[in-house]
Amino acid sequence: ADSAAVVRAVAAYDAAWSARDTAAVGRWLAPAYRYFTSQGGVSTRAQVLAMLADPAYRVEWAERSAVEPWVAGGTAVVSSRWRGRGTWSGGRFDDDQRCSLVLVKERAGWRLVAEHCTQIVAGPA
């Protein structure tokens, strides 16, 4: 039951992100939330919400697949693949990433505390 609830939480988070609903995304992100980028950067909750609200950030297409949750007590780690393309700060992005999301169970439901995405790159032929 918890695994299914975690999968639903991630889907609802993704839907809020795609709709650029900063209020809803803000409810999904715990106060101490951190995002770890493919390039080694770390963003706070406030920085992530500011990026989502910035008109320079546009997602033209996105999908999350291969969603696999592991739940232990009140903590869940979700492995997934996130693909998307769009623009950010005047440049284009076309991402294909393996992501892990860490969620904690609170009274009101599951919330994200951390996310890390690593760009998938093709190896040598």
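The paragraphs below set out a description of the structure included in this document.

Going through the model one piece at a time under the given rule, you end up with six salt bridges. Between D2 and K105 there is a salt bridge, and its shortest N-O distance comes to 3.0 Å. With D2 in helix α1 (residues 2-18) and K105 in strand β5 (residues 91-106), this pair connects stretches of sequence that are 103 residues apart. The salt bridge partner of R64 is D14, with a shortest N-O separation of 2.6 Å. Separated by 50 residues along the polypeptide, R64 in strand β3 (residues 58-72) and D14 in helix α1 bring together distant segments of the chain. No difference in accessibility class separates R64 from D14, as the two residues are buried.

Ranked by internal contacts, the top residues of the largest apolar core, which has 25 residues, are Y13, V25, L29, L101 and L103. Elements with a minimum of two residues in this core: α1, α2 (22-28), β1 (29-36), α3 (45-53), β4 (75-88), β5 and β6 (109-119). The biggest single contributor to this core is α1, with six residues.

Here we come to the state of the cysteines. Inspection of every chain in the model, using the stated rule, returns one disulfide. Across the disulfide from C99 sits C117; the S-S distance is 2.2 Å. In this structure the cystine formed by C99 and C117 twists about its S-S bond by roughly 115°; its chirality is therefore right-handed. Of this pair, C99 sits in strand β5 while C117 sits in strand β6; the two residues are 18 residues apart in sequence, bridging distant segments of the chain. Summarising the burial analysis for this pair, C99 and C117 share the class buried.

Procedures and definitions
- Residues numbered from 1 in each chain as written.
- Predicted model: local features only at pLDDT ≥ 70, side-chain atom pairs only at ≥ 80, totals over all residues.
- Heavy atoms only, no water.
- Salt bridge = Lys/Arg side-chain N within 4 Å of Asp/Glu carboxyl O.
- Helix = DSSP H or I, 4+ residues; strand = E, 2+ residues; numbered from the N terminus.
- Buried < 20%, exposed > 50% of the residue type's maximum accessible area, 1.4 Å probe, protein only.
- Core = buried A, V, L, I, M, F, W, Y, C linked by side-chain atoms within 4.5 Å.
- Disulfide = S-S within 2.5 Å.

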